[in-house]
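Architecture at a glance
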Amino acid sequence: QEKVQQSPESLIVPEGAMVSLNCSFSDSASQSIWWYQQHPGKGPKALISIFSNGNKKEGRLTVYLNRASLHVSLHIKDSQPSDSAVYLCAGNNNNAPRFGAGTKLSVKP
Amino acid sequence: NAGVIQTPRHKVTGKGQEATLWCEPISGHSAVFWYRQTIVQGLEFLTYFRNQAPIDDSGMPKERFSAQMPNQSHSTLKIQSTQPQDSAVYLCASSRDNSDYTFGSGTRLLVI
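Below you will find a few notes about this structure. (Residues numbered from 1 in each chain as written. Chains lettered and ligands numbered in written order. Predicted model: local features only at pLDDT ≥ 70, side-chain atom pairs only at ≥ 80, totals over all residues. Heavy atoms only, no water.)

So, the nonpolar core
Within the largest apolar cluster, 22 residues are counted, with the highest numbers of intra-cluster contacts made by Trp35, Val72, Leu74 and Tyr87 of chain A. Sorting the residues of this core by element identifies strand E3 (19-25), strand E4 (32-38), strand E5 (45-50), strand E7 (61-66), strand E8 (71-76), strand E9 (85-92) and strand E11 (103-108) of chain A as the ones contributing at least two each. Top element by residues in this core is E3 of chain A. It accounts for 4 residues. Those residues in contact with valine 72 of chain A that sit more than four places away from it in its chain are Leu21, Asn22, Cys23, Phe25, Ile33, Trp35, Ile50, Val63, Tyr64, Leu65 and Cys89 of chain A. Within the second largest apolar cluster, 19 residues are counted, among which are Phe49, Met60, Phe65 and Leu77 of chain B. (Core = buried A, V, L, I, M, F, W, Y, C linked by side-chain atoms within 4.5 Å. Buried < 20%, exposed > 50% of the residue type's maximum accessible area, 1.4 Å probe, protein only. Helix = DSSP H or I, 4+ residues; strand = E, 2+ residues; numbered from the N terminus. Contact = heavy atoms within 4.5 Å.)

Put into structure tokens, the structure is as follows:
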């Protein structure tokens, strides 16, 4: 069963900063890694996914996957106060996704 | 597309009572997932269905929790003899092809 670890637990940055979030997973067979954003009182919302080694860019988001080290990172460029939320990493080996504990991000104006 | 609909949004039950939570997946999505979220444990997988058949219930507490999907338009999670430690947000998600998951807003259960 997939185990997912996230760091840091929380992060406070000024508006406009580059944000870097980290995730380690246990199962190298995980077919896909997903990043979700969760605002208070809402369910997680899928942001970006990656399947192959390397990186993927969508708008202000870039995700890097290194299967050899079982590590994935999410980078948010030019962070905005509206990016303040909990960010969850999930691994999926063609079963139900398993989630990390999340990183709470606060972007201060 | 109203998204995944979960009812009720909030439920308060007394210790020992039964609680039933409802989930309506997105039309056309063949898989339904149930998770439980707490501050301490984070987002824990409970169980999931594909084409209404139970596929994996490895996260379900065996004695008091049960889930069903009687038709493609809804799933229920039932907790018998609720305990204070069952207090959590219960989240339902649906997926078309195991590649994109949409969550509901959850049911916040409080057992007093």
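After presenting the structure, the write-up continues.
What about the pairing of strand E1 (residues 4-7) of chain A?
Residue and element names in this part refer to chain A. Side chains Val4 and Gln6 project from E1 onto a buried face, and the interleaved Gln5 and Ser7 project onto a face without burial. Sheet topology places E1 next to E3; 4 bridges connect them, and they run antiparallel. Its bridge partner lying in E3, serine 7 is registered against asparagine 22. (Pairing = 2+ DSSP bridges.)

Here's the deal with the environment of glutamate 9 of chain A
Residues and elements named next belong to chain A. Looking at the secondary structure, you find glutamate 9 in the loop between E1 and strand E2 (10-14). You can call glutamate 9 exposed: its relative accessible area is 70%. Residues glutamate 9 and glycine 102, spaced 93 residues apart in sequence, show a C-alpha to C-alpha distance of 6.7 Å. If we skip the residues at most four places from it in the chain, glutamate 9 touches Gly102, Thr103 and Lys104.

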